[in-house]
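# Examination of the molecular architecture
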Amino acid sequence: GGCLMIILLAADFFIPMRQLGSFFHIAMNGMAASDKIFHLLDLPEPQHGGKYCPEGDIRCRSLHFSYEPEREILHGVELTIPAGGFVSLVGASGCGKSTVSAILMGRNRGYTGSVTLGGTELRDIAEQSLMAHITYVGHQSYLFKGTVRDNLQLGRPSAEDPALWAVLEQVKLVDFLRSQ
């Protein structure tokens, strides 16, 4: 009987040791994750120019880009987007739509060729100015259930028609919505 009692109670003595081991394992995973985050935070900020983002056409001339040296994604893209235009890039999966968009947003800086905004080279434009003038609307954008009005009023519930139409005018959607 005493032997059976020792065997049954032995498991209770080892539970705290097993818990301590699992807490140690969780702590080590957390430390490894924090090391990766701190390494990411310690990376130098990419250098951007200091010029203001001018109004005007966006022009890509002989634009080349690759994520890996042996696999080029963009092969000499020639593209002109008129100022104030409502443009969408369409094409087969993997053809470079997101890559072109990321370059225009200033996220992919390792391109060759020329990308100009209103005649100013993209590399020379300050990041803050670029972000204030160019918006990326990805394919995973979401409209909530309801009308366009309902979606716009999520930002300002008290907004009246003139304010809503002004916002739609700013994002160049007025003509599109009135044609529907």
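Refer to the preceding data block for the structure.
Notes on the structure follow. Quick caveat, the model's predicted, so the values are computed rather than measured.

## Re the sheet that holds strand β2 (residues 71-81)
Pairing is antiparallel across the open sheet formed by four strands, whose spatial order is β2-β1-β3-β4. Both edges of this open sheet fall to β2 and β4 (120-121), since each of them pairs with a single strand only.

## Regarding the nonpolar core
Judged by nonpolar contacts, the single largest core of 20 residues is most densely connected at I103, V115 and L117. Elements with a contribution of two residues or more to this core: β1 (58-68), β2, α2 (97-105) and β3 (112-117). Dropping the residues within four chain positions of it, V115 is found in contact with R59, C60, L63, I103, L104, T120, E121 and L122.

## A short note on unusual backbone geometry
Of note, the phi angle at S62 is positive, near 50°, even though the residue is not glycine. Examined against the element boundaries, S62 turns out to sit in strand β1. Phi is positive for K172, which is not a glycine, with a value near 60°. Position of K172 among the secondary structure elements: in the loop between α5 (161-170) and α6 (174-178). The partly exposed category is assigned to K172, whose relative accessible area is 43%.

## Description of the pairing of β3
One ladder, built from five bridges, connects β1 with β3; its direction is antiparallel. Looking at the pairing, R61 lines up with S114 of β3. Examined bridge by bridge, β3 and β4 share two bridges and lie antiparallel to one another. Within β4, the residue paired with T116 across the bridge is E121.

Calculation notes
- Residues numbered from 1 in each chain as written.
- Predicted model: local features only at pLDDT ≥ 70, side-chain atom pairs only at ≥ 80, totals over all residues.
- Heavy atoms only, no water.
- Pairing = 2+ DSSP bridges.
- Helix = DSSP H or I, 4+ residues; strand = E, 2+ residues; numbered from the N terminus.
- Core = buried A, V, L, I, M, F, W, Y, C linked by side-chain atoms within 4.5 Å.
- Buried < 20%, exposed > 50% of the residue type's maximum accessible area, 1.4 Å probe, protein only.
- Contact = heavy atoms within 4.5 Å.

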